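# Descriptive structure summary
The lines below spell out each chain.
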Amino acid sequence: MPESHFQTKVGETLKWSPVIGRETAHIYERMKRVVPEAEWMVHAPYIHAINRLKRERNAVILAHNYQVPEIYHGVGDVVGDSLYLAKQAALTTADIIVQGGVHFMAETSKLLCPDKMVLIPDSRAGCSLAESITGADVRALRLKHPGVPVVAYVNTSADVKAEVDICCTSSNAVQVVESLGVPVVIFLPDQYLAANVAAQTNVKIISWAGACEVHERFTAQEIWEYRAAHPGLEIIGHPECPPEVIAECDFSGSTAAMIKYVKDRKPKQVLMVTECTMSDNVAAETPDVDFIRPCNFCPHMRRITLPAILNSLQNLTEEVKIDPVLAVRARASVQRMIDLK
Ligand code: 13P
Ligand code: SF4
């Protein structure tokens, strides 16, 4: 890997300048509705440096919909839900992938691109779902339910993916479960996504007791209260929420499906029952929609910052590595999902 020609000292605070202001003005246009000018002057030098270094390194930044606006709109080359990011990782011609997201997403990219360098700007960016289950737990489940196929949400470690039959995301979970053509499946680790899938299929679902620490905090009561307080409010929820919360929503889908709902229908007022940063990202692009925003944010997603991304690209850290033998089995589970038409 060639040395970068663009170097700053590690930890150095980059400073705003009128030149940076001019060269990034078109980027600020994309997020000016949600990022105040004073904040922009802090972010712009990093955005300027990251975009330049990306070109120099032939790197691509895959940013999840929950990344903060300065990453999502400022440096993300590909933005989307977990399924879209995985598919785009598999297609990229870049030499380096920087994951704007949490660790399991970076692992998924590495599984799909074993020959590329995959960087996670902060490897502490975990996920309560991924941490709720291990490969050994899956082996124990198989012993308890012999012959029952196992579907794993992509929010799992490579260790877990290596033990299952197929992966899914929130956008294809029902399709994946039904694709197996069996009357019963084990679906892990999200108990709420499992219950929401079970409500849409005749396949019997055996679930695991994992939960997303962000989505499990929503309650049906607070949804009623928002409805009562805002007549005409459209409410859309992510299926990691408890089923009684989803039952109160007008629509439920993956983060990408929720964004599409808002962009297509342009509701006068909307509540996105999910990680709250996403509302900022969509609000930046939909000036006519009023967002009600209870702020449940994901602390793991917030570990990814512009300085962390810059540091990651400069020093090529932290590189995601997966044991090659385990990776072959884990990749097969992700690939089976991607190959589903
Ligand atoms: P999707 O973007 O696939 O809907 O996933 C949501 C999520 O919680 C990712 O951490
Ligand atoms: Fe995990 Fe929930 Fe954060 Fe998504 S929002 S990364 S599921 S903890």
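Residues numbered from 1 in each chain as written. Chains lettered and ligands numbered in written order. Predicted model: local features only at pLDDT ≥ 70, side-chain atom pairs only at ≥ 80, totals over all residues. Heavy atoms only, no water.

## Quick word on the packing of aromatic side chains
For any pair of aromatic rings, geometry is given as the distance between the ring centres together with the angle between the planes. Tallied over the entire structure, the rule returns 2 aromatic pairs. Relative to tryptophan 40, the ring of tyrosine 28 has its centre 4.8 Å away and its plane inclined at 20 degrees; by these criteria the two rings are stacked. Here tryptophan 40 lies in helix α2 (residues 37-57) and tyrosine 28 lies in helix α1 (residues 18-31), a separation of 12 residues in the sequence. Taking the centre distance of 5.0 Å and the plane angle of 25 degrees together, the rings of phenylalanine 251 and tyrosine 261 count as stacked. Here phenylalanine 251, found in strand β10 (residues 251-252), pairs with tyrosine 261, found in helix α12 (residues 255-265); they are 10 residues apart in sequence, far enough to count as distant. Taking the relative accessible area as the measure of exposure, tyrosine 261 reaches 10% and is therefore buried. (Phe/Tyr/Trp six-rings, centres within 6.5 Å; stacked < 30°, edge-to-face > 60°. Helix = DSSP H or I, 4+ residues; strand = E, 2+ residues; numbered from the N terminus. Buried < 20%, exposed > 50% of the residue type's maximum accessible area, 1.4 Å probe, protein only.)

## Structural notes on the sheet that holds strand β5 (residues 150-153)
Here 4 strands make up an open sheet; going across it, the order is β6-β5-β7-β8 and the pairing parallel. Because the sheet does not close on itself, it has two edges, and the strands there are β6 (166-168) and β8 (204-207). Ignoring strand direction, the axes of neighbouring strands in this sheet form an average angle of 35 degrees. (Pairing = 2+ DSSP bridges. Axes fitted to C-alpha atoms, helices over the stretch in contact; angles between N-to-C directions.)

## Side note on the site of ligand 1
The immediate surroundings of ligand 1 are formed by 13 residues, with His64, Ser82, Ser170, His238 and Thr255 found nearest. Here an oxygen atom of ligand 1 sits 2.6 Å away from a polar atom, N or O, in the side chain of histidine 64. Contact between ligand 1 and serine 170: an oxygen atom at 2.8 Å from a side-chain N or O atom of the residue. A total of 310 Å² of accessible area belongs to ligand 1 in isolation, and the protein chains cover 96% of it. When its residues are assigned to classes, the shell around ligand 1 shows 4 nonpolar, 7 polar and 2 charged. (Near = heavy atom within 4 Å. Polar contact = N/O pair within 3.5 Å; in protein donor to acceptor, adjacent residues only side chain to side chain. Areas by Shrake-Rupley, 256 points an atom, 1.4 Å probe, with all protein chains shown as cover. Nonpolar A, V, L, I, M, F, W, Y, C, P; charged D, E, K, R; others polar.)

## Thoughts on the site of ligand 2
Residues in contact with ligand 2, as listed here, are Tyr66, Val102, Cys127, Ser128, Leu129, Asn155, Cys212, Val214, Glu240, Cys298 and His300. Its residues assigned to classes, the shell around ligand 2 comprises 7 nonpolar, 3 polar and 1 charged.

## Here we look at unusual backbone geometry
A cis amide bond links leucine 188 with the next residue in sequence, proline 189, at an omega value of 0 degrees. Residue position: proline 189 is located in the loop between β7 (184-188) and α9 (191-198). Looking along the chain, the bond that leaves threonine 317 and enters glutamate 318 is cis, with omega of -15 degrees. Tracing the backbone shows glutamate 318 in the loop between α14 (306-315) and α15 (324-339). The phi dihedral of asparagine 58 falls on the positive side, at around 50 degrees, and the residue is not glycine. With a relative accessible area of 34%, asparagine 58 lands in the partly exposed category. One non-glycine residue, leucine 316, lies in the positive phi region at around 55 degrees. Mapping leucine 316 onto the fold places it in the loop between α14 and α15.

## Some words on the pairing of β8
Pairing geometry for β7 and β8, over 4 bridges, is parallel. If you follow phenylalanine 187 over to β8, its bridge partner there is serine 207.

## Topic: the sheet that holds strand β12 (residues 290-292)
The sheet built from 4 strands is open, its strands ordered β10-β9-β11-β12 with parallel pairing. Each edge of the open sheet is held by one strand with a lone partner, namely β10 and β12. As defined by bridge partners, strand β11 (residues 269-273) adjoins β12 across 3 bridges and the pair is classed as parallel. From the neighbouring strand, valine 270 faces β12, where its bridge partner is phenylalanine 291.

## Observations regarding the nonpolar core
Phe187, Val262 and Ile309 are the most contacted members of the largest nonpolar core, which totals 96 residues. It is α2 that provides the largest number of residues to this core, a total of 7 residues. Excluding its chain neighbours within four sequence positions, the residues that come into contact with phenylalanine 187 are Val151, Cys168, Ala173, Val177, Leu193, Ala194, Val197, Ile205, Ile206, Ser207 and Trp208. (Core = buried A, V, L, I, M, F, W, Y, C linked by side-chain atoms within 4.5 Å. Contact = heavy atoms within 4.5 Å.)

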